[in-house]
Amino acid sequence: MAKFYITTSIPYVNARPHIGHALEFVQADAIARYKKINGHGAFLTTGTDENSLKSVISAQKLGISAEELCRSNSKLFKDMSSAVGLSYDAFVRTSVDKEHMKTVQEFWAKCSESGDIYKKKYGGLYCVGCELFYTEGELIGGLCPEHHTKPEFVEEENYFFRLSKYEKRVMDAIEGNAVQILPQERRAEVINFIKSGLEDFSVSRSVERAHGWGLHVPGDDTQVIYVWFDALVSYLTGAGFSRDKDLFRRLWPADIHVIGKGIVRFHAVYWIAMLMSAGVELPKSILVHGYVTVDGQKMSKSIGNVVDPIAISAKYGQDAVRYYLLKEISTFQDGDFSEKALKDALNNELAGNLGNFINRTFTFIGSRMGGSIKELEMDEGRLVIDEAGKIAAEVDGLMARCQLGMALMKIMEISNIGNRYLQSNEPWKLADVDERAAREVLFACATLCRMIGILVYPFMPGAAERMLGYIGEKPSGYGKAVEIPASFSIKEHGILFKKIE
RNA sequence: AGCGAGGUAGGGUAGCCUGGAGUGCCCGCCGGGCUCAUAACCCGGAGAUCGGAGGUUCAAAUCCUUCUCUCGCUACCA
């Protein structure tokens, strides 16, 4: 049975979800839905990363327990998932999910059995205020960039992971595209990084330094597992690593990890080596998106321009937000979010162009054709359908390469073709002179509407379902998009996208 | 500093690999048309020395060299 396993990264819970998180969720979801609808039995895992020291510190600042902070913020991420329509199959909460804890410890044990985990003294410049180690380069004038105090040298015995041992094998996996990294620039970055040599890294912290928060190292109560080691393993947890061996065998290896550019190394180097060590198959690809600015500025609390995806979805609708994120923001590069641009996209492109095309077609069939229309010999209509069909094929090709924005742009072209076709043939005039010719135009337009509905489903599932519902259909595989139905019978239809303001 | 990516009309992009009239798309702007439709839609127009300079070529946004500017990565940091 075909399968497709896809993951999002699991966000930290020390802050609320922002539009950047939404971008990643929506990208992953669009790919997952595309696969699902085309018969690939997609399975999507997401979750929240809760075992970080930052959870404790943020909770302290708020005067609540870490458990409470994790619970409430994790819920916000779940809320955001429904707000943007992320159709996940597993949601891993790393601090409460028993399966996850079990998986992490099993995974740790496997790496340990391979002889890749050992104890070593680790010393570094430690800022008591931040409760973090800093590298020389991060300090400003030898002082902590946050607190402007001089960090002290602290030594601690930690467990280390033998990353160095896997240098060559990781390089081979990346260079040989056993693990494919998209886009190419990121792949080059990773290769460059590996070339500079891989050093072992610390995979545990003392319980004191972690404030007792986090998962214990198996057989050592004085140490907790480093958050990265823990968070990455959530991908296995979601797939059923220790819960359901059959499921795991079917799902793993992951087909795509969708991540942000800031965490490429952890996935493309650390994670790959960890999996090698544990004797688990490698993920097939890693899709790296960029960061989102807001009105041209970096999002930050101090500027106060952090965009809340839940609120924005409530205001403009899930489909419009998904449309904007997927089309206006490049799949791979940084992009900008502005509420004005979102509103313009909704009003002009979704309502004006797409929604209006659907509406004028179906309304006309309703008022002049008695609500239904049968296939007939077509001449120009056939050409128009073929032209749109070519675009549909291109969309499929773009999706296969995860070119989401381009694919969506192509779909919108079909709506353009439809509007143009209507305008140049004027069926509202034609119907009085040549009823058959008018029917041909409308039949072709209805075919385009259906095509759009099927193609657009991964991007805007809600709108697609409504669109197809007007003709009594449900979303289906892309192969069906180019079929020409024997007839259309228009059910009641409403306004697909309402303009705002 | 090293490595990587990029600089195309007011803004955002595609085209570059596999040279062939600046070719396309979205937003914005100007003019016209239409009235089936969500004051939507359609057509036309203005606006670019395709970052600068050299070179290869009958021909360069596209290939080569160089300069310049922007951005990313350079280890324990979501």
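As a starting point, this report considers the structure included with it. (Residues numbered from 1 in each chain as written. Chains lettered and ligands numbered in written order. Predicted model: local features only at pLDDT ≥ 70, side-chain atom pairs only at ≥ 80, totals over all residues. Heavy atoms only, no water.)

Attention now moves to unusual backbone geometry. Cis geometry is found at the peptide bond from leucine 182 to proline 183, where omega equals -5°. Looking at the element boundaries, proline 183 is found in the loop between β7 (180-182) and α6 (184-195). Cis geometry marks the peptide bond from tryptophan 252 to proline 253, where omega comes out at 5°. Secondary-structure assignment places proline 253 in the loop between α8 (245-251) and β12 (256-260). One non-glycine residue, asparagine 177, lies in the positive phi region at around 60°. Positionally, asparagine 177 belongs in the loop between α5 (167-175) and β7. Notably, cysteine 402 is not glycine yet its phi reads approximately 60°, a positive angle. Within the secondary structure, cysteine 402 is located in the loop between α13 (380-400) and α14 (404-425). We classify cysteine 402 as buried; its relative accessible area is 8%. (Helix = DSSP H or I, 4+ residues; strand = E, 2+ residues; numbered from the N terminus. Buried < 20%, exposed > 50% of the residue type's maximum accessible area, 1.4 Å probe, protein only.)

Taken in spatial order, the three strands line up as β15-β14-β16 in an open sheet, and their pairing is mixed. The sheet is open, and its two borders are formed by β15 (297-298) and β16 (335-337), each paired with just one other strand. Here strand β14 (residues 292-294) runs beside β16; their pairing, made up of three bridges, is parallel. Within the sheet, the bridge partner assigned to valine 294 lies in β16 and is phenylalanine 337. (Pairing = 2+ DSSP bridges.)

To continue, consider the side chain of asparagine 425. With respect to the helices and strands, asparagine 425 occurs in helix α14. The residues contacting asparagine 425, other than those within four sequence positions of it, are Glu380, Leu430 and Val441. (Contact = heavy atoms within 4.5 Å.)

Right, let's get into helix α16 (residues 435-456). In this model, α16 (22 residues) spans 31 Å end to end at C-alpha, consistent with the 32 Å of a helix rising 1.5 Å per residue. In terms of burial, α16 is a largely internal element, 19 of the 22 residues being buried. (Expected span 1.5 Å × (residues − 1).)

When their charged atoms lie close together, side chains carrying opposite charge are able to pair. The full count for this structure, using the stated rule, is 29 salt bridges. Between arginine 322 and aspartate 29 there is a salt bridge whose closest N-O contact spans 2.7 Å. Of this pair, arginine 322 sits in helix α11 (residues 318-328) while aspartate 29 sits in helix α1 (residues 19-37), and the two are 293 residues apart along the sequence. Owing to a relative accessible area of 0%, arginine 322 belongs among the buried residues under this scheme. As a salt-bridge pair, aspartate 344 and lysine 340 come within 2.7 Å of each other at their nearest N and O atoms. Within this pair, aspartate 344 and its partner lysine 340 are both found in helix α12 (residues 339-368), separated by four residues, close to a single helical turn. Look at lysine 340 and you get exposed, because its relative accessible area is 57%. (Salt bridge = Lys/Arg side-chain N within 4 Å of Asp/Glu carboxyl O.)

Quick look at the packing of α11 against α14 now. Interaxial distance between α11 and α14 falls to 7 Å at its minimum, and their mutual angle equals 115°. Of the possible angle classes, the one that applies to α11 and α14 is roughly perpendicular. Contact residues: Tyr323, Leu326 and Lys327 in α11; Leu404, Gly405, Leu408, Met409 and Met412 in α14. Residue classes in the contact of α11 with α14 are distributed as six nonpolar, one polar and one charged. (Axes fitted to C-alpha atoms, helices over the stretch in contact; angles between N-to-C directions. Parallel < 35°, antiparallel > 145°, perpendicular 65-115°, else oblique. Nonpolar A, V, L, I, M, F, W, Y, C, P; charged D, E, K, R; others polar.)

A word on helix α10 (residues 309-316). Listed in full, the buried residues belonging to α10 are Pro309, Ile312, Ser313 and Tyr316. Take α10 and look down its axis: the buried residues cluster within an arc of 100°, on one side only. Where α10 is buried, its residues contact α1, α3 (66-84), α11, β16 and α12. Directly after α10, the chain includes glycine 317, whose backbone phi takes a positive value near 95°. (Arc of directions from axis to C-beta.)

All right, on to the sheet that holds strand β3 (residues 90-93) then. Two pairing modes exist for strands in a sheet, parallel and antiparallel, and in both the strands are linked by backbone hydrogen bonds. The strand order across the open sheet formed by six strands is β3-β2-β1-β12-β13-β7, and the pairing between neighbours is parallel. A strand with exactly one partner marks an edge of an open sheet, and here the two such strands are β3 and β7. Within the sheet, the average angular offset between the axes of one strand and its neighbour, ignoring direction, is 20°. Bridge count between strand β1 (residues 4-8) and strand β2 (residues 42-48): four bridges; the pairing is parallel. Considered in β2, the bridge of threonine 7 is made with threonine 45.

A word on the packing of aromatic side chains. In the structure shown here, the tally under the stated rule is 22 aromatic pairs. Each ring, one from tryptophan 108 and one from tyrosine 159, has its centre 5.7 Å from the other, and the planes form 80°; the classification is edge-to-face. Of the two residues, tryptophan 108 sits in helix α4 (residues 98-113) while tyrosine 159 sits in strand β6 (residues 152-161), which places them 51 residues apart along the sequence. For the pair tryptophan 108 and tyrosine 159, a shared accessibility class is recorded, and that class is buried. Here the aromatic rings of tyrosine 235 and tryptophan 271 are separated by 6.0 Å at their centres, their planes lie at 70°, and the arrangement is edge-to-face. Of the two residues, tyrosine 235 is situated in helix α7 (residues 227-239) and tryptophan 271 in helix α9 (residues 264-278); the sequence distance between them amounts to 36 residues. The class of tryptophan 271 is buried, set by a relative accessible area of 0%. Its guanidinium or amino end placed over the ring of phenylalanine 160, lysine 120 lies 4.4 Å from that ring's centre, counting from NZ or CZ. Directly above the aromatic system of phenylalanine 193 lies the positively charged group of arginine 265, at a separation of 4.5 Å from the ring centroid. (Phe/Tyr/Trp six-rings, centres within 6.5 Å; stacked < 30°, edge-to-face > 60°. Lys NZ or Arg CZ within 6 Å of the ring centre and 35° of its normal.)

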